[in-house]
Amino acid sequence: MPHLTTVDTARAPTGAAPLGVGVPGIAHPLIAPTEWAGLLRISRGFVPSRDTRFGHAGVAPLHWAVLNVSNGPGARPDPHCLPVAARLRETGVRLLGHLDMRDGARPLGELLADAHRYLEWYKTDGFWLDRCPTDRTMLPESRRVTTALRTLVDHSYVVFGHGAQPFPGYAESADQLVTFAGPWAEYRWSQAAEWTADHPPERFCHLVHGVPRSHLDEALRIARWQGAGTVYFTDRRDRGGDAWETLPGYWDDFVSRIGPGVLE
């Protein structure tokens, strides 16, 4: 379930800290060239103005983007993914390889084999562990996976793609935890767990689909209140897990509300 649990009534808004964007994996560049072009434009530091007639160069609020070639790195280097991955990394944005943990059922050897391919072919800066388990019993195995991944490359950035509130111990292993991934109808009534207040916002990410444009500011207020430092909001609806495959219809407007100096 994507709910955040355990109400923390003592949490205060963290509006002073700017949010950033995490892109959980758009479709293949051959299928979605416009999407990748929009992603690259923001990664180069062009932040659109709230007045759509203008834009300005600034600090891109893009924290990371996930590369998912074929539910993983694929069997061979993809000629369409290679150039977009290189261009994105040139901008300084973290590129994360998609690794499916299958709720902890995926063998470590398979995960490491895919990780090696990502590093060799696409020079990724870290990994997105999709379907990372949340329960306490799977914590030792998740730690083992993370430890092994970090031995492959220095300063590897690891995101646990839980999609729900995990046992607190998971925060000790990953750089960032996705503690919510689900629909706006649930997110707007969600609450952060008390233990998350012991960590800075950059440790948490929220992914929300089905967010109407008229509710973007409300969604951002919720994210700041709950202590998330990275967000991805989209108006796309989830139809079998495809909500993240295209950029939101209000991509420029969404980004313009996030970066430092673009809210005035």
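Right above here is the structure, for reference.
This write-up is about the structure you can find in this document. A quick note: this is a predicted structure, and the numbers were derived from the prediction, not measured.

1. With respect to the sheet that holds strand β6 (residues 126-130)
Within the closed barrel, the eight strands sit side by side as β1-β4-β5-β6-β7-β8-β9-β10. Their pairing is parallel. Taking the axes of each pair of neighbouring strands and ignoring which way they run, one obtains an average angle of 25° across the sheet. Strand contacts of helix α6 (residues 216-225): β9 (204-209) and β10 (230-234), with the helix running at about 155° to β10, the strand carrying the most contacts.

2. Focus: the environment of tryptophan 251
By secondary structure assignment, the location of tryptophan 251 is in helix α7 (residues 251-256). For tryptophan 251, a relative accessible area of 5% puts it in the buried group. Residues tryptophan 251 and isoleucine 42 lie 209 residues apart in sequence; the distance between their C-alpha atoms is 9.8 Å. Those residues in contact with tryptophan 251, other than ones at most four positions away along the chain, are Val21, Val23, Gly38, Leu39, Arg41, Ile42 and Tyr232.

3. Some words on the pattern of salt bridges
Side chains bearing opposite charge may pair, as long as their charged atoms lie close to each other. In total, this model carries 15 salt bridges according to the counting rule given. Between arginine 144 and glutamate 141 there is a salt bridge whose closest N-O contact spans 3.1 Å. Of this pair, arginine 144 and glutamate 141 both sit in helix α4 (residues 139-150), separated by three residues, roughly a single helical turn. Classification of arginine 144 as partly exposed rests on a relative accessible area of 44%. Salt bridges linked by common partners bring Arg102, Arg106, Glu110, Asp114 and Arg117 together as one network.

4. Describing the packing of helix α3 (residues 108-122) against α4
It is the contact of α3 with α4, at a shortest axis distance of 11 Å, that shows an interaxial angle of 30°. As the angle between them shows, α3 and α4 are arranged roughly parallel. Where α3 crosses over α4, the two elements pack in a sense that is right-handed. Contacts from Leu108, Leu111, Leu112 and Ala115 in α3 reach Arg144, Val145, Ala148 and Leu149 in α4. Class assignment for the residues of the contact of α3 with α4 results in seven nonpolar, no polar and one charged.

5. Concerning the packing of helix α1 (residues 33-43) against helix α2 (residues 81-90)
In contact at an axis separation of 9 Å, α1 and α2 are set at 20° when each is read in the N-to-C sense. The angle between the axes of α1 and α2 places the two elements in the roughly parallel class. Considering only the axes of α1 and α2, their crossing is left-handed. Judged by residue contacts, Trp36, Leu39, Leu40 and Ser43 of α1 engage Val84, Arg87 and Leu88 from α2.

6. Brief notes about unusual backbone geometry
One non-glycine residue, aspartate 103, lies in positive phi territory at about 60°. With respect to the helices and strands, the residue aspartate 103 is situated in the loop between β5 (94-100) and α3. Here the phi dihedral of histidine 155 falls at roughly 60°; this positive angle occurs in a residue that is not glycine. Within the secondary structure, histidine 155 sits in the loop between α4 and β7 (157-161).

7. So, the environment of tryptophan 64
Note that tryptophan 64 resides in strand β4 (residues 62-67). Residues tryptophan 64 and valine 159 lie 95 residues apart in sequence; the distance between their C-alpha atoms is 9.9 Å. Looking at tryptophan 64, its side chain comes within polar contact range of the side chain of glutamine 176, at 2.8 Å.

8. Overview of the side chain of aspartate 78
Within the secondary structure, aspartate 78 is located in the loop between β4 and α2. For the buried aspartate 78, no salt bridge exists, and the shortest N-O distance to an oppositely charged side chain is 8.5 Å, to arginine 76. One polar contact links aspartate 78 to histidine 28, side chain to side chain, over a distance of 2.9 Å. Residues in contact with aspartate 78, not counting those within four places in the same chain, are His28, Val69 and Tyr122.

What counts as what
Numbers given for residues are sequential positions, taken from 1 along each chain in its written order. Local features are withheld for residues below a pLDDT of 70 in this predicted model, meaning they are given only at 70 or higher, and side-chain atom pairs are given and counted only at 80 or more; totals for whole chains, interfaces and linings count all residues. Side-chain figures throughout are based on the complete set of non-hydrogen atoms in the structure, without hydrogens or water. When DSSP finds two or more bridges between a pair of strands, those strands are recorded as paired. For helices the rule is a DSSP run of H or I covering at least 4 residues; for strands it is a run of E covering at least 2, with both sets numbered from the N terminus onward. Axis lines are fitted to C-alpha atoms, over the contacting stretch for helices. Their N-to-C directions set the angle, which ranges from 0 to 180 degrees. The contact criterion used throughout is that any non-hydrogen atoms of two residues lie within 4.5 Å. We call a residue buried when its accessible area falls under 20% of the maximum for its residue type, exposed when it is over 50%, and partly exposed in between, using a 1.4 Å probe and counting protein chains only. What counts as a salt bridge is simple: a side-chain nitrogen of Lys or Arg found within 4 Å of a carboxyl oxygen of Asp or Glu. Should an angle fall under 35 degrees it is called roughly parallel, over 145 degrees roughly antiparallel, and 65 to 115 degrees roughly perpendicular, with every other angle called oblique. Take the far helix as the reference: if the near one is turned anticlockwise from it by less than a right angle, the crossing is left-handed, and if turned clockwise, right-handed. In this classification, the charged set is Asp, Glu, Lys and Arg, the nonpolar set is Ala, Val, Leu, Ile, Met, Phe, Trp, Tyr, Cys and Pro, and all remaining amino acids, among them Gly, are polar. Side-chain atoms alone can form a polar contact between residues adjacent in sequence; in general such a contact is a pair of N or O atoms within 3.5 Å, and within protein one must be able to donate a hydrogen while the other accepts it. In this charge count, Lys and Arg are treated as positive and Asp and Glu as negative; neither His nor the chain ends contribute.

That is the geometry; function is a separate question.
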